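# Geometric and topological summary
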Amino acid sequence: MNDIIPITGRVKFQLTIDPSVWIFDERKIDLTTYFDEERTEIDEIEQYSKAVAEHFSKEIKEGAEIPKPASPAKKRYEKEKLLNGTFGIKMKPFIQNAEPEAGAEKVMISTSESVHSFTIEEAGDLIMAFSKDGKPLREDGPVHILFEDGSNRHSPITHVRKITLS
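Residues numbered from 1 in each chain as written. Predicted model: local features only at pLDDT ≥ 70, side-chain atom pairs only at ≥ 80, totals over all residues. Heavy atoms only, no water.

Further remarks concern the overall build of the chain. When helices and strands are counted, the chain shows four helices and 10 strands. Secondary structure of the chain in N-to-C order comes out as β-β-β-α-α-β-α-β-β-α-β-β-β-β. Each principal axis of the C-alpha atoms in the chain carries an extent, and together these give about 60 × 40 × 30 Å. Within the span of the chain, comprising 166 residues, buried residues form 33% of the whole. Of the contacts made within the chain by residues no fewer than 6 positions apart, 66% connect residues no fewer than 24 positions apart. As displayed, the chain has an accessible area near 11100 Å², and 53% of this comes from carbon and sulfur atoms. Computed over 23 positive and 30 negative side-chain charges, the separation of the two mean positions in the chain equals 4 Å. (Helix = DSSP H or I, 4+ residues; strand = E, 2+ residues; numbered from the N terminus. Buried < 20%, exposed > 50% of the residue type's maximum accessible area, 1.4 Å probe, protein only. Contact = heavy atoms within 4.5 Å. Areas by Shrake-Rupley, 256 points an atom, 1.4 Å probe, with all protein chains shown as cover. Lys, Arg positive; Asp, Glu negative; His and termini not counted. Charge placed at Lys NZ, Arg CZ, Asp CG, Glu CD.)

Turning next to the sheet that holds strand β6 (residues 115-119). As summarised here, the arrangement of the five strands in space is β2-β1-β10-β5-β6, forming an open sheet in which the pairing is mixed. Because the sheet does not close on itself, it has two edges, and the strands there are β2 (15-17) and β6. Across the sheet, the axes of successive neighbouring strands diverge by a mean angle of 20°, strand direction being ignored. (Pairing = 2+ DSSP bridges. Axes fitted to C-alpha atoms, helices over the stretch in contact; angles between N-to-C directions.)

Evaluated as defined, the whole model comprises seven salt bridges. A salt bridge links D25 to R27, with the nearest nitrogen and oxygen atoms 2.6 Å apart. Under the relative-accessibility criterion, D25 is labelled buried at 17%. For R27, a relative accessible area of 39% puts it in the partly exposed group. (Salt bridge = Lys/Arg side-chain N within 4 Å of Asp/Glu carboxyl O.)

In this fold, V11 is placed in the loop between β1 (5-9) and β2. Of the residues examined, V11 reaches a relative accessible area of 6% and is grouped as buried. As a C-alpha pair, V11 and A98 span 87 residues in sequence and 5.7 Å in three-dimensional space. Setting aside chain neighbours within four positions, we find V11 in contact with A98, E99, P100, E101 and L165.

Next up on the list: unusual backbone geometry. A cis amide bond links G141 to the next residue, P142, at an omega of 20°. Relative to the elements of secondary structure, P142 occurs in the loop between β8 (135-136) and β9 (144-146). A positive phi angle, close to 55°, is found at D133, a residue other than glycine. Looking at the secondary structure, you find D133 in the loop between β7 (127-132) and β8. The exposure class assigned to D133 is partly exposed, which follows from its relative accessible area of 48%. Of note, the phi angle at H159 is positive, near 55°, even though the residue is not glycine. Along the chain, H159 falls in the loop between β9 and β10 (160-165).

In structure tokens form, the structure reads like this:
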């Protein structure tokens, strides 16, 4: 089985994505709680800008603070979470990085058995699950495609081979 998924078609940049490294990505989503919790849409750039502005203001007023090292218990908890967690990542940043050409409207997800078609907007909300209980999805992966609302979490799109924009 090939663990690399190409993004091709009507894109400025053809990408190959490797789900095996996403465990280190800060954008990963904990799928054990994602579908059960209440979510509100946040603008990541605005949130980041506010956090930087607050930090800058605090340093001007109070001076720089030496960062405190994480406690061993917290480090152990984070490591356990990574080793035993079920994670996914949204498809949107990968589509944006490939830079769809003008006129590209559809995202085709090809599996070993079929092809699933979504609009670019719908595909941006899809979640690519890449691990279950701390293990990569080797049997029917490398990723499972989940809808944002979780309606297919018990029967995801599996055996994904490539993503094509048309």
